[in-house]
Number of protein chains: 2
Amino acid sequence: MQAMANRSCIIRLSRYKNALNRLRTLNFVRVFSDNLADAAGVTAAQVRKDFSLFGITGNRRGGYRVDELAEQLNKILGKDQLHEFIVIGVGNIGRALLHYPGFERSGINIAAGFDIDPAKFNRDSKPPVLPLDQLAGVIKSRDIKLAILAVPDYAAQQVLELVLSAGIRGVLNFAPICLKAPAGCVINNINLETELENLIYFVNAANGGN
Amino acid sequence: MQAMANRSCIIRLSRYKNALNRLRTLNFVRVFSDNLADAAGVTAAQVRKDFSLFGITGNRRGGYRVDELAEQLNKILGKDQLHEFIVIGVGNIGRALLHYPGFERSGINIAAGFDIDPAKFNRDSKPPVLPLDQLAGVIKSRDIKLAILAVPDYAAQQVLELVLSAGIRGVLNFAPICLKAPAGCVINNINLETELENLIYFVNAANGGN
């Protein structure tokens, strides 16, 4: 099902859903594709096209009901279930993600962090930080499918193989190396350095070139 | 110049450049488009197409010289100059970025962090954390064009207007709201929650769907 949705489409759905949640706190009952287009930085035609891909229909005069639409998007995005992640690598970025308040707000639970440095272990913190050799046990006992990698580049491939063999099916990778997904798994790479380089390039280009 | 390069193309160039830096540490002298394709997760034809857009030519038998190619890519990406960023919002994510070792390695300097919470101020840390009302002065005196926003969603639009009016031209936004760039400015949005939702969707889809 939903075979035609690509990464960009799903990112837009997340943005619509976030905008809807804000509208709900403002007691909005109805919303139009133009409103959602503004909030997500796309055209109204794009909003309608994305919705039609998932069989969501509004009505031109009345728009969409905020609560119904939010529920439909939450279901598509799997947000009607709780999703547990683990974080591997508790350095600067890993620690920030372990304690990022935005995840809990949106039904994403960080089950534990893992590291190889005993100085970072803490069973009693929330979430706990555990030794890497306990990773497979935690993944299996809690049936966790999702992991965030925040390890140095030289360790990334080895850690990836470890988590995949333990049953992880989706990885968000912050290690500054482009990891590739074997069949049946999903890997999204976020490279902070690359993001900054991208910004530098386009700012230079807008200002008349390097 | 280079009017046809889009975001995806520049991200690939960063990946090629990172792969080249690794090859340099291994004393490689030559590299082929197939090697770079493997490292960046694209086809060799894509590598050659990206390079031809910038007038970079190899030779089918000899490939590219690693040092020359790295130099060309560094120049395109503006890495022959030092780029200074500021970070606004020194919470979980902001603090991690202030101390992220990967930036310094790649010629990106974080000049200072800014916050409104006096408990976070520290003139003597490296980089220093300063009150938000000193932001405009620092941007002007050091001619800084680039900022990372890591503030809460409700503060993001106001902080964006503040930094743009002080002279910032490029923003990497971690606040969980989609900011739009006025003419002449560039904004790249990274929404961590959206990235995780994206992963959840595709893992669910690969496992038979929600």
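Residues numbered from 1 in each chain as written. Chains lettered and ligands numbered in written order. Predicted model: local features only at pLDDT ≥ 70, side-chain atom pairs only at ≥ 80, totals over all residues. Heavy atoms only, no water.

## Considerations on the domain arrangement of chain A
Part 1 of the argument: Segmentation of chain A into domains returns domain 1 (7-76) and domain 2 (83-194).
Part 2 of the argument: Inter-centroid distance (C-alpha atoms) of domain 1 of chain A to domain 2 of chain A is 31 Å. (Domains from an automatic or database assignment.)

## Some details on the packing of aromatic side chains
Part 1 of the argument: Enumeration according to the criterion identifies 10 aromatic pairs over all chains in this entry.
Part 2 of the argument: Pairing Phe51(A) with Tyr64(A) gives two aromatic rings, centres 5.2 Å apart and planes at 85°, and the pair type is edge-to-face. Of this pair, Phe51(A) sits in helix α3 (residues 44-53) while Tyr64(A) sits in strand β2 (residues 64-65); the two residues are 13 residues apart in sequence, bridging distant segments of the chain.
Part 3 of the argument: Looking at Phe51(A), the relative accessible area reads 0%, which means it is buried.
Part 4 of the argument: Taken together, a centroid distance of 6.4 Å and an interplanar angle of 85° make the contact between Tyr201(A) and Phe54(B) edge-to-face. With Tyr201(A) in helix α9 (residues 192-206) and Phe54(B) in the loop between α3 (44-53) and β2 (64-65), this pair bridges two chains. When sorted by exposure, Tyr201(A) lands in the same class as Phe54(B), which is buried.
Part 5 of the argument: Cluster of aromatic residues (ring-pair linked, three or more members): Tyr16(A), Phe51(A) and Tyr64(A). (Phe/Tyr/Trp six-rings, centres within 6.5 Å; stacked < 30°, edge-to-face > 60°. Helix = DSSP H or I, 4+ residues; strand = E, 2+ residues; numbered from the N terminus. Buried < 20%, exposed > 50% of the residue type's maximum accessible area, 1.4 Å probe, protein only.)

## A word on helix α2 (residues 33-40) of chain B
Within an α-helix, residues lying three or four positions from one another point in the same direction, as the helix has 3.6 residues per turn.
All names here are of chain B.
Part 1 of the argument: Those residues of α2 lying buried are Ser33, Leu36, Ala37 and Ala40. Taken end-on, α2 shows its buried residues confined to a sector of 105°, consistent with a single buried face.
Part 2 of the argument: In this structure, the buried side of α2 is in contact with α1 (7-25), β1 (30-31), α3, β2 and α4 (66-76).
Part 3 of the argument: Positive phi shows up at Gly41, right after α2, with a value of about 70°. (Arc of directions from axis to C-beta. Contact = heavy atoms within 4.5 Å.)

## Quick word on the environment of Leu160(A)
Residues and elements named next belong to chain A.
Part 1 of the argument: Inspection of the secondary structure assignment puts Leu160 in helix α8 (residues 153-165).
Part 2 of the argument: Taking the C-alpha atoms as reference points, Leu160 and Val138, 22 residues apart in sequence, are found 16 Å from one another.
Part 3 of the argument: Setting aside residues up to four positions removed in sequence, Leu160 forms contacts with Leu149, Val171, Leu179, Lys180 and Ile187.

## Observations regarding the side chain of Ser33(A)
Residue and element names in this part refer to chain A.
Part 1 of the argument: Looking at the element boundaries, Ser33 is found in helix α2 (residues 33-40).
Part 2 of the argument: Here Ser33 falls in the buried class, since its relative accessible area comes to 7%.
Part 3 of the argument: Engagement of the side chain of Ser33 in a polar contact is seen with the side chain of Arg48, the distance being 2.9 Å.
Part 4 of the argument: Residue contacts for Ser33: discarding those within four places in its chain leaves Ala44, Val47, Arg48 and Tyr64. (Polar contact = N/O pair within 3.5 Å; in protein donor to acceptor, adjacent residues only side chain to side chain.)

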